[in-house]
Each structure stands twice: as structure tokens, then as C-alpha cells.
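Listed below, chain by chain, are the residues.
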Amino acid sequence: MKNRLFQAFSERSFSFLWLSEIFTILAFNLFNFLLLLHVYSLTRSNTAVALVVVSFTLPAILFGILAGVYVDRWSKKKVLLISNIIRGVLLLVLAVFHQNLIAVYVISFLVSLVTQFFVPAETPIIPLIVRKELLYSANALFGLGLYGGAFLAYLLSGPLILLFGEVNTLIILGLMFFVSSIFITGIHIDSKSEKKKKGILSASKSALLDEVRTAIDVMRNSREIYNSIFLLAVSQTLLLVLAAIAPGYASQILNISIQKFPLYFIVPAALGVLVGAIILVTWLHESSKEKLTTLGLFLSGAAMLLLPYGSRITAREIVQDFNNLLPHFLDLTTLHFVIVLAFILGLANAFVFVPSNTILQEKTKDEFRGKIYGVLNALVGIFSLIPILAVG
């Protein structure tokens, strides 16, 4: 059977975009983890750490939609290229002023601000470089890169800092943004698409607010687009909240060190994303995308709700009776229960990410796509800020 998952790699520009994504995701997530650890080591204050969360969440709320408007006016390839160069420079600057807490907050805010322009250009560029019949494959691979990169960053954050120190790690991350920029230069977009887009935008004299209203009308008038944005926002918010509670969950519920948490949770979750992507592209590519995303969100919610009750479930008599029938090393424990839930969370996330992004790319025109992803970015910022700060 022909493997559908990797078909999008036949498009040279998508291969460059995917490689760029890997370096960008690793650098951005490692930077966020490093920042949280660094501020805590400087201040020993949870409030100071919470302010870091605010500094890289607030720009999405304030500028997410506006950034999407401008991205639709500009070349998405140039936005990706310039955004990564700026973020690389900012990280090199922070390596010099890393002991200054105000500088840390300011640069964190600026990196997040630049990211608001990057996000509405990255995923929306996929339909410009990939044939329509390959969108499912492209979004599956993109999801693997996105979440795999984030999971890998979580795994590498501690060892990288211990091995190279905070300053050298910042320099390495800045260089990773530059490497990502090099791959972006290999992306080729049809010149006719660019000219057509520029013509439409230059002919329009509508104000920024009018453009935002137009994009909102597009979302409001299409149930598929509206549902896809909402499901993506909720799914991404659940992951952010999970990342925020991970340290306490590892020590208080699982009774393991935070260093072991990635092995028992992040690895099975990453495997779940991979399996979910393969299932979607190979067997469910003709199934209803809306039903798949709804199923994915349901599985995510169920897994999240069950996470705190692992010890109670494994302590039930029926589980203990089953354990008595097994060799001791095969006993079902809370840790096994959490590993299964982590796998389900990864699988469910693939079921939300791949179909939802494919719907948005199929049902929207290029001149609206940046604004729609800008709205998504703002929603994630709004949804995640309050629960993450409450957890902190």
C-alpha cells in the first residue's frame, strides 16, 4: 500500500518549509522553557515566572488579529524570513543582557510580538506551495513537525542548559532561527499567486478594522471555518495548560522527578501524534473532517479529565484482581495509566490539528487566511492566559 503520509515531501518547497519549521519550533519552545527556568533562578519568585507567561501571551491577545491583517498584505515568504532573522537577533541581544530582568521581559515580549506575524504566515503558506490533493499529507507532516518539535524541545531543555549554560544556549537558539531562515529562502511561491494577491490588496482602500470585520464575517458565515478555529484554539489551549501543570503533576500525582516526566508522558504523546497522523492520511483521508475533529476534541477532554484519577482507578478491586493474575513486573500502575492517556492525547491532537487546518486551507482564500489564523492565535492567547496564571 502506497504510503500517503510522506507524499507532500514530493513538493520541494514544502520540504524546505518543513525543515524550517523544525528549527523554528525547537528554537522557539526551547527559548520559552529556558526563559521560565532562567527567571526563576534569578528571582526565586513564582510571580516573576507568571510575568514571563504574560510577556509572551499578551502580544497574541493584543496584536494577533492585527498581525494577520498585515500578513495578508505582504509576501508570506518574506514575513517568515524576516521574522526569524529578527527573533535570532533578539536572542543574541538577550545573551548579552540576560542578567537584567527588565531586559528579559522586554525581549520576551518582542520575540512573542514578532511571532504574531510569523504564525499567520507559516501554516497559511502551505496551500500556496502544495497541490490541493496533498493538503492532508502536508498538514499531517506539519503537525508532526510542530508537536514533535515542541516535545523534543521539552526533552532537550534541561540537558542543553546543563551542557552549554544559559548564555551559550541562547546563542545556539539564535543561530537556529538563522538556519531556519536559510531553509525559507528555498521556498518557491507561484509568481502569479503573489501578483494576484498584491493586486487585490492594492486596489482595496478599506481600513484595517474593515478587513478584520470582513474576515470575521467569513468565519461567522461558514460553520466549517468557525468550528475549525474554535476546535484548534481549545486543543492548543489544553496543551498549554498541560505544560503548565506538568511539574506539579509529576511530583505530586505520579511521584516521579520532573526529569523523568518527558519519558513517561512526552514520548508516548509524540508517538500518539505519529500514529494519529498515519491513521488519518492512510485510512481516514476521505472521512468527514468535522466528525474527526469533534472526535479528537472529545478524546482530548476525556483524557485530561481522567489524568488526576489514575491512582483511584488503578486502586479499584477489579484492577487489583487483574494484577494478581499477571507477573509482578506487568502490574498495572498509575504510571501505566498515564502513559496510555498521554498516547491518547497525542492521537486526539492529530485528529484535531490535521483535519481542522485542512478545512481552513480549503475553505479560505489567501487574502483572508492570515487574518483567520491571526484570530486563532488571539483566541489561544485569551483562552490560555487565565488558566495558566491560575495554575502558576
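None of these values were measured; they are calculated from a predicted model.

Visitor: Account for the overall build of the chain, naming residues and giving values.
Guide: Scanning the chain for helices and strands turns up 15 helices and zero strands. Within the chain, contacts between residues at least 6 apart in sequence are counted, and of these 87% link residues at least 24 apart.

Visitor: Run through the packing of aromatic side chains, naming residues and quoting values.
Guide: Enumeration over the complete set of coordinates arrives at eight aromatic pairs. When the ring of Phe230 is compared with that of Phe383, the centres are 6.5 Å apart and the planes differ by 80°; the resulting orientation is edge-to-face. Here Phe383 lies in helix H15 (residues 366–391) and Phe230 lies in helix H9 (residues 223–253), a separation of 153 residues in the sequence. Its relative accessible area of 30% is what places Phe383 among the partly exposed residues. Here the aromatic residues Phe6, Phe9, Phe14 and Trp18 are joined through ring pairs into a cluster of three or more.

Visitor: Talk me through the packing of helix H1 (residues 12–43) against helix H6 (residues 135–184); I want residue IDs and the actual numbers.
Guide: Angle between the axes and distance between the axes are the two parameters that describe a pair of packed helices. For the pair H1 and H6, interaxial distance at closest approach is 5 Å and the crossing angle is 40°. The orientation of H1 with respect to H6, classified from their angle, is oblique.

Visitor: Tell me about the nonpolar core, and name the residues and values.
Guide: Nonpolar side chains in soluble globular proteins generally cluster together in the buried interior. Grouped together as the largest cluster of nonpolar side chains are 97 residues, with contacts concentrated most on Phe14, Leu17, Phe265 and Leu307. For this core, the element with the highest residue contribution is H6, accounting for 18 residues. When residues no more than four places from it in sequence are discounted, the contact partners of Phe265 are Leu242, Leu307, Val338, Ala342 and Leu345.

Visitor: Give a detailed account of the packing of helix H10 (residues 261–282) against helix H14 (residues 334–363), specifying residues and quantitative values.
Guide: As a packed pair, H10 and H14 sit with axes 7 Å apart at the nearest point and diverge in direction by 40°. Comparing their axes, H14 and H10 come out oblique. Note on packing geometry: the crossing formed by H10 with H14 is right-handed. Across the interface between the two elements, Tyr264, Phe265, Pro268, Ala269, Leu271, Gly272, Val273, Val275, Gly276, Ala277, Ile279 and Leu280 of H10 pack against Leu335, Val338, Ile339, Ala342, Phe343, Leu345, Gly346, Leu347, Ala350, Phe351, Val354 and Pro355 of H14. For the contact of H10 with H14, a count of residues per class yields 21 nonpolar, three polar and no charged.

Visitor: Quick one: what's the story with the pattern of salt bridges, residue by residue and with numbers?
Guide: Scanning all chains against the criterion turns up 13 salt bridges. For Lys76, the salt bridge goes to Asp72, with nearest N and O atoms at 3.5 Å. Accessibility classification places Lys76 together with Asp72 in one group, the buried group. For Glu290, the salt bridge goes to Arg223, with nearest N and O atoms at 3.1 Å. Linking Glu290 in helix H11 (residues 289–306) with Arg223 in helix H9, this pair joins segments that are 67 residues apart in sequence.

Visitor: Go over the side chain of Ser228 with me, naming the residues and quoting the values.
Guide: Tracing the backbone shows Ser228 in helix H9. Note on Ser228: relative accessible area 3%, which makes it buried. In this structure the side chain of Ser228 is engaged in a polar contact, spanning 2.8 Å, whose partner is the backbone oxygen of Glu224. Residue contacts for Ser228: discarding those within four places in its chain leaves Ser356, Ile359 and Leu360.

Visitor: How would you explain helix H3 (residues 76–96) if you had to name every residue and give the values?
Guide: When the terminal C-alpha atoms of H3 are compared, their 31 Å separation across 21 residues agrees well with the 30 Å that a helix rising 1.5 Å per residue should span. Those residues of H3 lying buried are Lys76, Val79, Leu80, Ser83, Asn84, Arg87, Gly88, Leu90, Leu91, Leu94 and Ala95. Buried residues of H3, viewed axially, fall in a sector of 165°; they line one side. Exposed residues lying more than 90 degrees from the buried face of H3 are Lys78 and Val96.

Visitor: Any chance you could break down a nonpolar patch on the surface for me, citing the residues and the numbers?
Guide: Together, Ile85, Val89, Val93, Val96 and Phe97 line one region of the surface with nonpolar side chains, adding up to about 420 Å² of accessible area. Residue placement: Ile85 occurs in helix H3. You can call Ile85 partly exposed: its relative accessible area is 37%.

The rules behind the values
- Residues numbered from 1 in each chain as written.
- Predicted model: local features only at pLDDT ≥ 70, side-chain atom pairs only at ≥ 80, totals over all residues.
- Heavy atoms only, no water.
- Helix = DSSP H or I, 4+ residues; strand = E, 2+ residues; numbered from the N terminus.
- Contact = heavy atoms within 4.5 Å.
- Phe/Tyr/Trp six-rings, centres within 6.5 Å; stacked < 30°, edge-to-face > 60°.
- Buried < 20%, exposed > 50% of the residue type's maximum accessible area, 1.4 Å probe, protein only.
- Axes fitted to C-alpha atoms, helices over the stretch in contact; angles between N-to-C directions.
- Parallel < 35°, antiparallel > 145°, perpendicular 65-115°, else oblique.
- Core = buried A, V, L, I, M, F, W, Y, C linked by side-chain atoms within 4.5 Å.
- Left-handed = near helix turned anticlockwise from the far one by under 90°.
- Nonpolar A, V, L, I, M, F, W, Y, C, P; charged D, E, K, R; others polar.
- Salt bridge = Lys/Arg side-chain N within 4 Å of Asp/Glu carboxyl O.
- Polar contact = N/O pair within 3.5 Å; in protein donor to acceptor, adjacent residues only side chain to side chain.
- Expected span 1.5 Å × (residues − 1).
- Arc of directions from axis to C-beta.
- Patch = residues over 30% accessible without salt bridge, like charges linked within 9 Å, V, L, I, M, F, W, Y side chains within 5 Å.
- Areas by Shrake-Rupley, 256 points an atom, 1.4 Å probe, with all protein chains shown as cover.

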